[in-house]
Each structure stands twice: as C-alpha cells, then as structure tokens.
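Each chain is listed here by its residues.
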Amino acid sequence: MLKHQSHHFATYGEMTTIHVGSKLWVLLNSNRVAEEIYNKRGKITNGRPSYPILGDLISQNRRSILLPQEKWSQQRRLMHQLLGGTALVTYQEYQNEESLRLLASYSKDPAGWYRHHLHYSSAVIHRIAFGERPREFDENLQGVAKAQEIFLLNAPPYNLLDSFPELAKLPKWLQFWRKRYQALGKKTDDWYGRYWDPIHHAIKSETAPDSFAQRLISDKTALENKNIDPKWLSMVLVEAGSDTTRLTLNIFALAASLHRDKYLEARAEIDAVCGNNAERLSTFADEVKMPYTLAFIKELLRWRPIFTWTPEHTLTEDLKFEGYSFPKGTHFVLNHAALCKDISAFDDANAFKPERWLDGHQSDLTHGLWQLGGGRRVCVGYRVAQKSLFINMSRLIYCFDYEAREAFDSSDIKHFELDEPFPITPKIRSLAHAKLLERVFENLSDLN
Ligand code: HEM
C-alpha cells in the first residue's frame, strides 16, 4: 500500500511523517527538501536502519546496499575504485560491443526487442563483474535471478517485520518467522555460490580475464577485511546493475512510440552529427554534441520512474531543519512518485519534455533527478549506467522507429516481467540504415 500510494502523501506538504511499526519515516516529497536532506546534509543522513529480515537473515549481513555506515563505507570505497577512473574506459569497450550486438538482434528479430534489452544489460554487467559474457540462461543464472526476486519482494517497505526491528531481540525460539527467512538467506548464498565458484576458481588459477572480481580478489587489503565478501560484493553488483538498465531501455521504447515529436527532435540532433543519410553510428565521443539526446535520457527516468521507493537514509545524529527537530534514527525516504511530478521543480510535470533538462547538467543523471538515489549512498554505477543508456539510445534513435501494434494503456505496463511489457514493434528507419548496420556487422567477427 505504502509503495503504491506514496504520491498521495505529497498532498500533506514537502515532508510527510509516517509511523509504521516502531519506525519513524519522513517522506521527502519535493526536490528542494531532498536536496537539503540527502545532499547538503549527507554527512549525517547516510545511515541505514536495521533490517532484521532483509539484511540480517536474507542477506546474511553481506549486501552492501543495506549495511550500516561503518560496515558499508569500506565496501563502497572499493566499489568506487573498481567502477571509476580508467576502468570506465574498458567498460566503454564492452558497452560499444554489446550495443552493436543489440542492434544486430534488433535487425534480425525486431519482435524480441525487450529480450535484446535484457541481454544487453546482463552482458555488460557480467563483463564488468567477471570479464566475460554471461553463460546461457542456465540453472545457475536462474538461481541468481531468483535471489534478486526474493530481495525485491522483501525490500522496504514490503516486509512488515522489518518495521518492528525490536522483534529481533525476542528469544530466537519465539521468532517463528526466523527459520523461513534464514532458509532464504541460505538459498541466496548457495545460488550465488554456484555461480561464483567457477569464476573464483579461474581467478585463483590465474586463468580469468581482468574484471571487477579479479581485481577484488587480488586486493590483499580488501580480502583481509573480514567485512568484505568478494562473492556477495560481485553478485550484488550484477544484481544492481542489470535490471535497472533493462527497465530504462524499455521505458525508452515506450517514449519512442508515444512521443514521436520528441523522438524526431533527438534524431535531428544525431543526424546533424552522424549524417542524415546513414553515414555512421554514434560513438561515446559524440556525447558532448548531443545535449538533447542526453536530456531525453534524463526525462525518461523522471517521466516513468523505475523506482517508487528506495532504501531509507537514516539520521546518524539529531538534526534541526527549518523549525523541525528530527531525532537520530529518523529514516528519510525519497518519495519518487512525488519527486518526479514535483510541480515546483518541473512545469507541466506530466508531459514528456526532454528540453527541461537542458541546463548544462544533462549528462549527469544525478543532478536534479533522484532515481539513482542521492547523497553519499548515490548509485555507485551511475556513470556506467549513463554511458550504456547514451550509446544504445543514440544508435537506436538513429536507426529504428517504434510503432504500437495496437492501442494500450501506457500507465499500466508490465514493468517488472520479462515478457513484452507493451505491444510495440521497432522497424528499421530506411534501406540506407539497414545497409549501414550490415557494413558495421561485417567488420565484427562474432556477433552471436
Ligand atoms: C538507470 C540505471 C540505474 C538506476 C536507476 C539505479 C539506481 C540505484 C539506486 C536508487 C540505488 C540506491 C541508492 C541509495 O541507497 O540511496 C543504487 C545503488 C547501487 N547501484 Fe545503481 N542504478 C542504476 C544502474 C546501476 C549500474 C549500471 C550499476 C553497476 C555498474 C549499479 C550499481 C549499484 C550498486 C552496486 C549499488 C549499491 C551501492 C552501495 O552499496 O552503496 N547501478 N542504484
């Protein structure tokens, strides 16, 4: 209920206080207060509540995203190092290649467009995490998908037991739910293990390619730290980085079919750089010449947010803010439904208007947009995400058109399912664009 009705809470003002169980939540309903609390006061608003079910039992206290500050900060530093700097350049090679594969799949099998989004997203994150493309969708990969499903089904605010953290202090024999969630934690660890063990073995025997996991295992200081489990850290990266990209690509296809005028505006910009008769595909170097396309990407995440609720940021000290006193332990939640439609920040908030983001910050997905979180816990992969979205969308806009096969309710799409979320079909833009793609594919030895 909370997750789906959260936009109504915005009618009470910029912040809404709610008590669920023994938790005090303050929903942040406006971009202004989100900026004040998450970003400007990030030093004291980057804690996490205790999650006895999701954190302690299901995640065995090893999912970085849920950890309290002391345990989280070392893992975060490592993720930051391994996902930034020169590594980003290597990742761009993966992103370029996988994006060409995506275009090839679109050309061969346009009806499977949503599957191609899935394959792109998981291929890139697997190459980043493990240095290789994922194996077929085998039993082990299915296990990882199940682990993610269990996580999402119990993520805040879904599991009510996590709203009563004191229950974890009861004698264990009185916690009748404990066994069930402990078993889910064990299953998650086993599923991760089955996927991870061969990769770990290859790293140990020095036959594995360079990757996030390989560098993690080679980092002695990281390994000596008892709080860091390379298996969980790598698997969580895969979990966090793949579905988010897939869903954003799906929203892109939705906007492409519903907002053709804006789509054509982005295409005109890309044509001006890459040629209006299918001369070449865009590259990462073109990004600076394509501000509207970058703005288009940001608008997708605002127009149809993929998250309505992201994990709370908890106050680590008492806070006085604009006449209110918030005690240490208050949980601040980004109310995404309200933030994305905040009329004090966005005029005509229900309309799809990429141009609203043309403010010099269009390449920064975290500037003025909260879908990637904020403050010190902001998504650690947001630069990788932005590059993936740019390279795919600039090429898809250049080469394909999207048409609805029948009328559908665009506010009721099957967002989280792996099937086709809405009935559309991409079509190659012209013969010249088909030929351009053929020429590009000819130069690539293995596009399967
Ligand atoms: C459009 C795509 C994406 C969206 C919307 C998104 C959103 C988010 C959000 C909301 C959080 C939680 C922030 C918080 O706690 O306040 C997060 C965390 C995280 N994201 Fe992303 N993300 C995206 C793509 C990616 C990618 C591509 C990667 C990997 C390369 C990634 C890796 C992570 C990781 C590892 C965390 C946990 C960080 C931590 O423990 O501190 N994300 N993301």
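Predicted model, so just to flag it, every value in this text is computed and none were measured. (Residues numbered from 1 in each chain as written. Predicted model: local features only at pLDDT ≥ 70, side-chain atom pairs only at ≥ 80, totals over all residues. Heavy atoms only, no water.)

Engineer: Where do I start with the overall build of the protein chain in this structure?
Structural biologist: Of regular secondary structure, the protein chain possesses 16 helices and eight strands. Over its C-alpha trace the protein chain gives a radius of gyration of 22 Å, about what one expects of a compact globule, namely 22 Å for 448 residues. In terms of principal-axis extent, the alpha carbons of the protein chain reach across some 70 × 55 × 40 Å. Scored against the burial criterion, the 448 residues of the protein chain give a buried share of 56%. Contacts spanning at least 24 positions in sequence make up 74% of the contacts within the protein chain whose residues lie at least 6 apart. Accessible surface, the protein chain as shown: approximately 20200 Å² in total, 54% of it carbon and sulfur. The protein chain carries 57 positive and 55 negative side-chain charges, and their two centres are separated by 5 Å. (Helix = DSSP H or I, 4+ residues; strand = E, 2+ residues; numbered from the N terminus. Rg over C-alpha atoms; globule rule 2.2 N^0.38 Å. Buried < 20%, exposed > 50% of the residue type's maximum accessible area, 1.4 Å probe, protein only. Contact = heavy atoms within 4.5 Å. Areas by Shrake-Rupley, 256 points an atom, 1.4 Å probe, with all protein chains shown as cover. Lys, Arg positive; Asp, Glu negative; His and termini not counted. Charge placed at Lys NZ, Arg CZ, Asp CG, Glu CD.)

Engineer: What should I look at first to understand the UniProt feature "binding site: heme" (unreviewed entry) in the protein chain in this one?
Structural biologist: On the UniProt side, "binding site: heme" (unreviewed entry) is annotated at positions that read Cys379 here. Inspection of the secondary structure assignment puts Cys379 in the loop between α14 (336-340) and α15 (382-399). Residue Cys379 is classed as partly exposed on the basis of its relative accessible area, which comes to 28%. (UniProt positions renumbered as here; feature names shortened; annotations may be inferred.)

Engineer: For this particular structure, what's the right way to read unusual backbone geometry?
Structural biologist: Of note, the amide linkage connecting Pro156 to Pro157 takes the cis form, showing an omega dihedral of 5°. Within the secondary structure, Pro157 is located in the loop between α7 (139-154) and α8 (178-204). Positive phi, close to 45°, is recorded for Glu322, a residue that is not glycine. Using a relative accessible area of 47% as the deciding quantity, one classes Glu322 as partly exposed.

Engineer: What's the story with the site of the ligand in this structure? I'm lost.
Structural biologist: Near the ligand there are 26 residues, and of these Arg48, Trp72, Arg76, His313 and Cys379 occur at the shortest range. Ser64 places a side-chain nitrogen or oxygen 2.9 Å from an oxygen atom of the ligand. Interatomic distance of 3.3 Å between a backbone N/O atom of Ile65 and an oxygen atom of the ligand. Secondary structure elements with two or more residues in the shell around the ligand: α4 (69-83), α11 (230-258) and α15. At six residues, the largest contribution of residues to the shell around the ligand is made by α11. Grouping the constituent residues of the shell around the ligand by class yields 13 nonpolar, ten polar and three charged. (Near = heavy atom within 4 Å. Polar contact = N/O pair within 3.5 Å; in protein donor to acceptor, adjacent residues only side chain to side chain. Nonpolar A, V, L, I, M, F, W, Y, C, P; charged D, E, K, R; others polar.)

Engineer: Can you walk me through the environment of Arg280 in this structure?
Structural biologist: Among the structural elements, Arg280 can be located in the loop between α12 (260-274) and α13 (291-303). The exposure class of Arg280 is partly exposed, given its relative accessible area of 30%. Each C-alpha atom, one on Arg280 and one on Leu437, is 8.9 Å from the other, the two residues being 157 residues apart in sequence. Other than its neighbours up to four places away in sequence, Arg280 contacts Val273, Cys274, Asp286, Tyr398 and Leu436. A distance of 2.9 Å separates polar atoms of two side chains, one belonging to Arg280 and the other to Asp286.

Engineer: In this structure, what is going on with the environment of Leu57? I would like to understand it.
Structural biologist: Position of Leu57 relative to the elements: it lies in helix α3 (residues 52-58). Residues Leu57 and Asn96, spaced 39 residues apart in sequence, show a C-alpha to C-alpha distance of 39 Å. Contacts of Leu57, omitting those with residues within four sequence positions, involve Pro52, Arg178, Tyr181, Gln182 and Gly185.

Engineer: When you look at the nonpolar core in this model, what are you seeing that I'm missing?
Structural biologist: Generally speaking, a soluble globular protein has its nonpolar side chains buried in company with each other. Core analysis: the biggest nonpolar cluster contains 107 residues, and Phe130, Phe252, Leu281, Phe296 and Tyr402 have the highest contact counts within it. When residues of this core are assigned to their parent elements, the largest contribution, 14 residues, is made by α11. Beyond its immediate sequence surroundings of up to four residues, Tyr402 is in contact with Tyr106, Phe252, Ala253, Ala256, Ser257, Tyr263, Leu396, Ile424, Thr425 and Pro426. Counting 16 residues, the second largest nonpolar core, distinct from the first, contains Leu28, Tyr38, Ile44 and Leu334. (Core = buried A, V, L, I, M, F, W, Y, C linked by side-chain atoms within 4.5 Å.)

Engineer: Would you explain the sheet that holds strand β3 (residues 313-314) in this entry?
Structural biologist: The strands that make up a sheet pair up through hydrogen bonds in the backbone, lying either parallel or antiparallel. One open sheet holds the four strands; their spatial order is β1-β2-β6-β3, and the pairing between them is mixed. With partners counted over all chains shown, the strands left at the sheet margins are β1 (15-20) and β3, one partner each. Relative to strand β2 (residues 23-28), β1 is paired through six bridges, and the arrangement is antiparallel. Looking at the pairing, Thr16 lines up with Leu27 of β2. Most of the contacts of helix α2 (residues 31-40) go to strand β6 (residues 331-334), to which it runs at about 135°, and overall it touches β1, β2, β3 and β6. (Pairing = 2+ DSSP bridges. Axes fitted to C-alpha atoms, helices over the stretch in contact; angles between N-to-C directions.)

Engineer: I'm lost on the packing of helix α5 (residues 87-108) against helix α16 (residues 431-442) in this one. Help?
Structural biologist: In a packed pair of helices, the relevant descriptors are the angle between the two axes and the axis-to-axis distance. Across the interface, α5 lies against α16 with an axial gap of 11 Å and an inter-helix angle of 130°. In terms of orientation, α5 and α16 fall into the oblique class. Crossing hand, α5 versus α16: left-handed. Every residue of α16 that contacts α5 at Leu100, Leu103, Ala104 and Ser107 is listed here: Leu437, Val440 and Phe441. The residue inventory of the contact of α5 with α16, partitioned by class, reads six nonpolar, one polar and no charged. (Parallel < 35°, antiparallel > 145°, perpendicular 65-115°, else oblique. Left-handed = near helix turned anticlockwise from the far one by under 90°.)

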